[in-house]
Amino acid sequence: MTVKQKQVLYRIIAAMILLVAVAIYCASIKTNLYVQATLYLIPYLVIGYDILKKAGRGILNRQMFDENFLMAVATVGAMLLGDFKEGVAVMLFYQIGELFQSVAVGKSRKNIAALMDIRPDYANIIINGKIEKVDPEDVEVGTEIFVNPGEKIPIDGVIAEGSTTLNTSALTGESVPKDAKTGDAVISGCINMSGAIRVRTTKEFGDSTVSKILDLVENSSMKKSRSENFITKFAKYYTPAVCYSALALAILPPVVRLLMGLTPDWQTWVVRALTFLVISCPCALVISIPLSFFAGIGCASKNGILVKGSNYLEALADTKYVVFDKTGTLTKGVFEVNGIHPAAGFSGEELLHYCAYAESASSHPISLSLKKAYGDKINLERVSGIEETAGHGVQASVDGHSVYAGNEKLMKKAGVAISEEHNDEGTAVYACVDGKYAGCITISDMVKDSSKAAIAELKKLGIKQTVMLTGDTKQTAERVAGEIGIDRTHSELLPADKVNEVEILLAEKEQREKLAFVGDGINDAPVLSRADIGIAMGALGSDAAIEAADVVLMDDNPCKIALAMKISANTLKIVRQNIIFALAVKLVCLILGATGDASMWTAIFADVGVMVIAVLNAMRAMRIKK
C-alpha cells in the first residue's frame, strides 16, 4: 500500500471503531437527538471529510455531477433526517470500496512496472582511471560502458570486448537466455547473466530501446477503447439524470399526495430519493472498465506483447483478416546460397564475384547471403556507382564492368534475356555483365518452425482469411504458403504494391471487421500504418517497428499473434460481464429503491458490493491460459 492508501485504511478503522462505540452508547444510554447527531458526526467527518471537500469544490467549479456529489448529498440528507447510523455507514462503505479499487489499480500498475522493470539506474564508465556509476542520460554516443554480471545493459550498443549470456525475459516474455559475443549488438533492458562485457554505445539513452518501450507502456492508457469512451459518455449524462430523477422522486409524489388530499409523507419520499442516489452511483462501471483494459495490456506486456492502447487491444478481438509479410515474419529471414548457375562464358566464381561486389553496399538479407557465400574480403575500391532500385535489385560498376544483379524485372530493364534452366527452390538473383547474361544464383530462406502452428491457431480463433505478401517469385511464395497453410498469396510485389494490396483487402471486408498486417518492421512502415492494426514482429531493437506499429511483438514467434488475440477476447469478455452485471443489479435496486422496497443497506450493496465484485472480475484480465 502507498502512504495515502494506508492513511485511508487508518481512517476506515478509526471510523468503524467510533461508529460501533457511538451505536453501543446510544443504545445503552438514553440521549436526545442533538447529542446523537453530535456523536455520529464524529465518525462521519473522520471518514467523509475529503468526499465533502471534493463535492464542495465540484459545486464551486460547476462540475458537481460526480460520485462525490452523489455520496455527499445522500449521506448529508440521511443525517439531516435522523438516520445517523445509515449516513455514516454509507460513507464508510463507500470509502472501503474506493480503497479496494485504489489497491487493485495499484496492483495492476505494479505488475506492469515489475514486468517492465527494465529502466537501468546507472551506467559504469571509466573516469580518471576509475570505474564510476553515472546516470545513463549523461552517457554520450560512442562511450564505452562496463556491464558486470547481474547488471542491466543501460544503453543500446555493440559488445567491444567479452562474451556473455543475456536474459531478455523482461522484453520478450521468453525465459530462454541469449548468447552474445564481441561484435554483437545488444539492447538496453537485457540483464547480463554471466561474463563481464564492455559495450560501445550506439545511441543516446533517450533513443534506446528501453526508453521507447517505457514511453509506449506509459502512454498506452491515453488511447481509449470504444467501451471506455462509451462509459465516459454514459457517466456524463447518467449522473445528472439520476440526480434530477432523485429530486423528482423526493418532490413529485408528496405534491401529488397533497393535491389528492392525502398526507404528503415528505420524509418517506426523501429517504427513498437518497437511497436512489446511493444505488445510482456509477463507480462499478467507471472504475472496472478501464481497469479491465489496463489489466489486459499488463497481461500482454508480461508475454512480450506491447499494445499501444486499449483501442488496439479491443480491435484485435474484431480481427478477421491477417496479412503477413513473408521474409523475417513467416520465414527466418536467414538466406543461404543453394545454387550457382553461370551462363556460357562465365564461371561460377566469376558470377558470385560480380554479384557480391554489386551488392556490397546493401544490408538486405539476400545481399548478406551473397557476400557470405563469396567468402573473401570485399575491396570497396573495385566497385563504384552503386544504384539500388527498390523491388528490383542493384546496378554497379565492378572492375570497370557494368553489372546488374536482381530479379527478372531488373533484367528486362537492362534489356537482357534470362535463362531459367535450374530446379533449385528459392529466390533467384539474375546477373548480367556489360549487357550480357551472366547466370543466376538461387537463395533459399527457411520457414520458421512455429509458422504452421501459428496459422492453424489463427484459423481456430475465427480468422476468415490469411494472406501473404512478398516480393519473392510466385514459385517460392506458393511453396511457403502451401507448407504453412496460408489461404492467399500475392508475389513479386514492390513495397508500394503491398500497400495497394492491403487497400484492396480493406475494401473487400465488412465495416466492423478488422484487418491486421504483420511485418518484421524493417521496410513495412507504410503497410503497418495503413492496416487497421499494424503488428511488428521480432521488434527487439527495431526503432522503426516500435514507432510504426500498433502492437509490438518483442520476439519473432508468430504464435504470439494468436496469444494477443486471446488476451483481447478475454479482456472484452470481462468488460461485457461487468457492464451487464453492474447495470442489471443497479436497475433492479433502483426500481426497488423508488418503490420503497430497498433500504439504505441494500443501496450500499448496490454501490460498494457491485464495485468490489466488478473490480475483482476486472483483475482476472491479468491472467490468460496459453
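Caption draft 1: Broad picture of the overall build of the chain. Per the secondary structure count, the chain includes 20 helices and 22 strands. Within the chain, the fraction of its 626 residues that count as buried is 50%. Of the roughly 28,900 Å² that the chain leaves accessible, carbon and sulfur atoms contribute 56%.

Caption draft 2: Expanded view of the pairing of strand β1 (residues 123-127). Relative to strand β2 (residues 130-134), β1 is paired through five bridges, and the arrangement is antiparallel. From the neighbouring strand, Ile 127 faces β2, where its bridge partner is Lys 130. Two successive antiparallel strands, β1 and β2, enclose a turn made up of two residues, where Asn 128 displays a positive phi of approximately 55°.

Caption draft 3: Seen up close, the sheet that holds strand β14 (residues 393-398). One open sheet holds the six strands; their spatial order is β12-β17-β16-β15-β14-β13, and the pairing between them is antiparallel. Each end of this open sheet is capped by a strand with a single partner; those strands are β12 (331-342) and β13 (383-389). Taken over all neighbouring pairs, the strand axes of this sheet differ in orientation by 20° on average, direction set aside. Taken together, the four bridges between strand β15 (residues 401-406) and strand β16 (residues 427-433) define a ladder with antiparallel strand orientation. When the sheet's bridge partners are listed, Ala 405 is paired in β16 with Ala 431.

Caption draft 4: Fine view of the pairing of strand β17 (residues 436-447). In terms of burial, β17 is a largely internal element, ten of the twelve residues being buried. Pairing between β12 and β17: eight bridges, direction antiparallel. Across the sheet, the residue bridging to Phe 335 is Asp 445, located in β17. With antiparallel pairing between neighbouring strands as the criterion, β16 and β17 make up a hairpin whose turn holds two residues, including Asp 434 at a positive phi of roughly 55°.

Caption draft 5: View of the sheet that holds strand β6 (residues 178-180). Pairing is antiparallel in the open sheet, where three strands are placed in the order β6-β5-β8. If you trace the sheet from one side to the other, it starts and ends with β6 and β8 (191-192), each paired once. With two bridges joining them, strand β5 (residues 164-167) and β8 adopt antiparallel strand pairing. Bridge pairing links Leu 166 to Asn 192 in β8.

Caption draft 6: Expanded view of the packing of aromatic side chains. Inspection of every chain in the model, using the stated rule, returns two aromatic pairs. Residues Tyr 40 and Phe 84 carry aromatic rings whose centres are separated by 5.9 Å and whose planes lie at 20° to one another, so their mutual orientation is stacked. Remark: Phe 84 occurs in helix α4 (residues 84-115) and Tyr 40 occurs in helix α2 (residues 33-60); sequence separation between them is 44 residues. Like Phe 84, Tyr 40 is buried. With 5.9 Å between their ring centres and 80° between their planes, Tyr 357 and Tyr 374 make a pair best called edge-to-face. A residue pair is termed long-range when its members are at least 10 positions apart, and Tyr 357 in helix α11 (residues 348-358) and Tyr 374 in helix α12 (residues 365-374) qualify at 17 residues. Here the two residues Tyr 357 and Tyr 374 agree in accessibility, since each one is buried. Lys 133 extends its terminal NZ or CZ atom over the ring of Tyr 122, reaching a point 4.4 Å from the ring centre. When the ring centre of Trp 269 is taken as origin, the NZ or CZ atom of Arg 272, which lies over that ring, is 4.3 Å away.

Caption draft 7: Molecular detail of helix α15 (residues 474-484). All of the buried residues in α15 are Thr 476, Ala 477, Val 480, Ala 481 and Ile 484. When α15 is viewed along its axis, its buried side chains cluster within an angular range of 130° and face the same direction. Exposed positions of α15 whose direction lies more than 90 degrees from the buried face are Gln 475 and Gly 482. The inward-facing, buried residues of α15 contact β12, β16, β17, α14 (451-460), β18 (465-469) and β19 (488-490). Downstream of α15 by a residue or two, Gly 485 has a phi angle that is positive, lying close to 95°.

Caption draft 8: Here's a closer look at the pattern of salt bridges. Counted according to the given criterion, the structure contains 16 salt bridges. Ionic pairing is found between Asp 318 and Arg 512, a salt bridge with its closest N-O pair at 3.9 Å. Within this pair, whereas Asp 318 is found in the loop between α10 (310-316) and β11 (319-325), its partner Arg 512 is found in the loop between α16 (495-508) and β20 (514-519), the two being separated by 194 residues in sequence. Given a relative accessible area of 12%, Asp 318 falls into the buried group. Owing to a relative accessible area of 55%, Arg 512 belongs among the exposed residues under this scheme. Glu 503 is the partner of Arg 530 in a salt bridge, and the nearest nitrogen-oxygen pair spans 2.8 Å. Here Glu 503 lies in helix α16 and Arg 530 lies in helix α17 (residues 525-530), a separation of 27 residues in the sequence. The class of Glu 503 is partly exposed, set by a relative accessible area of 33%. The network of salt bridges with common partners includes Glu 144, Glu 161, Arg 198 and Arg 200.

Caption draft 9: Fine view of the environment of Thr 476. Examined against the element boundaries, Thr 476 turns out to sit in helix α15. Separated by 49 residues in the primary sequence, Thr 476 and Thr 427 place their C-alpha atoms 6.8 Å from one another. Not counting chain neighbours up to four residues away, the residues in contact with Thr 476 comprise Gly 426 and Thr 427.

Parameters and conventions
Residues numbered from 1 in each chain as written. Predicted model: local features only at pLDDT ≥ 70, side-chain atom pairs only at ≥ 80, totals over all residues. Heavy atoms only, no water. Helix = DSSP H or I, 4+ residues; strand = E, 2+ residues; numbered from the N terminus. Buried < 20%, exposed > 50% of the residue type's maximum accessible area, 1.4 Å probe, protein only. Areas by Shrake-Rupley, 256 points an atom, 1.4 Å probe, with all protein chains shown as cover. Pairing = 2+ DSSP bridges. Axes fitted to C-alpha atoms, helices over the stretch in contact; angles between N-to-C directions. Phe/Tyr/Trp six-rings, centres within 6.5 Å; stacked < 30°, edge-to-face > 60°. Lys NZ or Arg CZ within 6 Å of the ring centre and 35° of its normal. Arc of directions from axis to C-beta. Contact = heavy atoms within 4.5 Å. Salt bridge = Lys/Arg side-chain N within 4 Å of Asp/Glu carboxyl O.

Everything listed here is a matter of geometry and, on its own, says nothing about what the molecule does.
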